[in-house]
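# What the coordinates show
Below, each chain spelled out in residue letters.
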Amino acid sequence: MGFWWRPLSVLASVLLVALALWAGSGWVAALGFLAGIQAFVMTRRLWQEFRLARWLENPDEVEPPDATGTWGDIFYRLQKLQKRQKASRGQLTSALEQFEHAAMAVPDGMVILNASEQIEWCNPASRKFMGLDCERDRGQFVRYLLRQAHFLDFLDAADYSRRLVCKSPVNRELTLSLQLVPFGESQKLLVARDITDLERVDAMRRDFIANVSHELRTPLTVVGGFVETLAEAPDLPPSESRRYFDLMLDHTRRMQRLLDDLLTLSRLESADHAVKDEGVNVPELAQALKAEAESLSRGRHRIGLQLDSGALLKGNLQEIRSALGNLVSNAVRYTPEGGEITLAWRERAGEGVFSVTDTGEGIAAEHIPRLTERFYRVDRSRSRETGGTGLGLAIVKHVLTRHGARLEILSTPGKGSTFSAVFPASRLQHGPESGTVIPFPERGQAAG
Ligand code: ADP
């Protein structure tokens, strides 16, 4: 109503004046007055329309017209509209920019295709995964750039629920999962996700299950076979059935060891808490491990201990014991009778080094990087014969990693190996409570 009252009141005033003139001076004066008013209104209107047209033509550069009355109202409202539009255009532009920045930063490859499958836009990751370039390839048909038969079939099928798993056309090491997502009128978004790690983990899981099944199958078959034999022939001579029982016990123990190692590995893998800082007395532990080695060796090897440091280790005693125990038991198992095994604890450039050196069969260089993989063995039957599960060094690696330590392996085939657990300086603890230093026995003197 505010907008209308002014023109209505002006019109009413003009009519009143015209009526007064008609009454006082006759109709000619009244008509003359009305014609004058009409001429004034038209000239003013033309002028304001001209100003309005000039401003609308270039609203950002020309000053908005200034007027009073109805025209003032019109200009004011248009100006408000223009400001509102400008603000929302700014918001829209910055939202678009943000969206583009986000799409550029997305680690997945993203390609926008129009109805004819021409590339409208793609992000930098699509260059890495599919060799596409946003500037160079805009407007190109995606079929001409990615010509692999399985990709063309995938495009033709236009099945938006399906994912295509394939190797990257520009890097065979990468495995991609491609998906088409329809949007807008008839556009499509092609998304390429790098699933190389997922595939690797999946393959590892499959291998792991196959390995565990394989490891369990032999002892289970043997035990099952003997149980059947004993059940079918209960009158076997005692010496024969004794032999069967011994073999069954042997294989049962093998399964037990495998399950123990699997449980240890799974505990280590799921241990997301930090390791306890127990203050492990390594010299004392080394003595205990030496005694263990002697009991495993049953006099077949000369076993020595060299303690050049009395430092303690901050860590989890049970885990460290299991890791170092594995190194010691491997040395005994892979060193032929008459060989020498030396356990040593020393400091090197501030780090704590626990090493186990043997004069055993040694390992060829190509096997060394793979020794800590689960179930990796240089000689499968040798490992089995000596009661190995193929998981010992995988456990060692896990424990050391959890302690910020590393495993160093030096080996010469035919001469022997040194496995060293190297702990960072931050894990060493010196002080009055440090262990005692025990001298290494003379070379050639059997350690007992
Ligand atoms: P296993 O139970 O088979 O011993 P590990 O994980 O402990 O499994 O060791 C993996 C493989 O590394 C072994 O099968 C063996 O071939 C090799 N190996 C480990 N320690 C030694 C060693 N001291 N001397 C020679 N070979 C070794």
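In this report, the structure presented in the accompanying data block is examined.

### A short note on unusual backbone geometry
Although it is not a glycine, Glu117 adopts a positive phi angle of roughly 65 degrees. Inspection of the secondary structure puts Glu117 in the loop between β1 (109-113) and β2 (119-122). For Ala158, which is not glycine, the phi torsion reads 45 degrees and is therefore positive. Relative to the elements of secondary structure, Ala158 occurs in the loop between α7 (149-157) and β3 (163-167). Under the relative-accessibility criterion, Ala158 is labelled partly exposed at 31%.

### As for the packing of helix α10 (residues 282-297) against helix α11 (residues 317-333)
The interhelical angle for the contact between α10 and α11, taken along N-to-C directions, is 35 degrees, at an axis separation of 10 Å. When the axes of α10 and α11 are compared, the crossing they make is right-handed. Between α10 and α11, the residues in contact are Leu285, Ala288, Leu289, Glu292, Ala293, Leu296 and Ser297 and Ile320, Arg321, Leu324, Gly325, Val328, Ser329 and Val332, respectively. By residue class, the composition of the contact of α10 with α11 is 9 nonpolar, 3 polar and 2 charged.

### Thoughts on the environment of Thr372
Take Thr372: it is sitting in the loop between β9 (351-358) and α12 (380-385). In sequence terms Thr372 and Pro234 are 138 residues apart; their C-alpha atoms lie 45 Å from each other. Beyond its immediate chain neighbours, meaning those up to four positions away, Thr372 contacts Leu393, Ala394, Lys397 and Leu407.

### As for the site of the ligand
For the ligand, the set of nearby residues contains 19 residues, the closest of which are Arg333, Tyr334, Ser383, Gly390 and Leu393. Arg333 places a side-chain nitrogen or oxygen 2.6 Å from an oxygen atom of the ligand. For the ligand, an oxygen atom lies 2.8 Å from a polar atom in the backbone of Thr389. In the complex, 98% of the free accessible area of the ligand, which totals 530 Å², lies under the protein chains. Elements that contribute at least two residues to the shell around the ligand include exactly α11, α13 (392-402) and β11 (416-423). At 3 residues, the largest contribution of residues to the shell around the ligand is made by α11.

Reading the values: rules and limits
- Residues numbered from 1 in each chain as written.
- Predicted model: local features only at pLDDT ≥ 70, side-chain atom pairs only at ≥ 80, totals over all residues.
- Heavy atoms only, no water.
- Helix = DSSP H or I, 4+ residues; strand = E, 2+ residues; numbered from the N terminus.
- Buried < 20%, exposed > 50% of the residue type's maximum accessible area, 1.4 Å probe, protein only.
- Axes fitted to C-alpha atoms, helices over the stretch in contact; angles between N-to-C directions.
- Left-handed = near helix turned anticlockwise from the far one by under 90°.
- Contact = heavy atoms within 4.5 Å.
- Nonpolar A, V, L, I, M, F, W, Y, C, P; charged D, E, K, R; others polar.
- Near = heavy atom within 4 Å.
- Polar contact = N/O pair within 3.5 Å; in protein donor to acceptor, adjacent residues only side chain to side chain.
- Areas by Shrake-Rupley, 256 points an atom, 1.4 Å probe, with all protein chains shown as cover.

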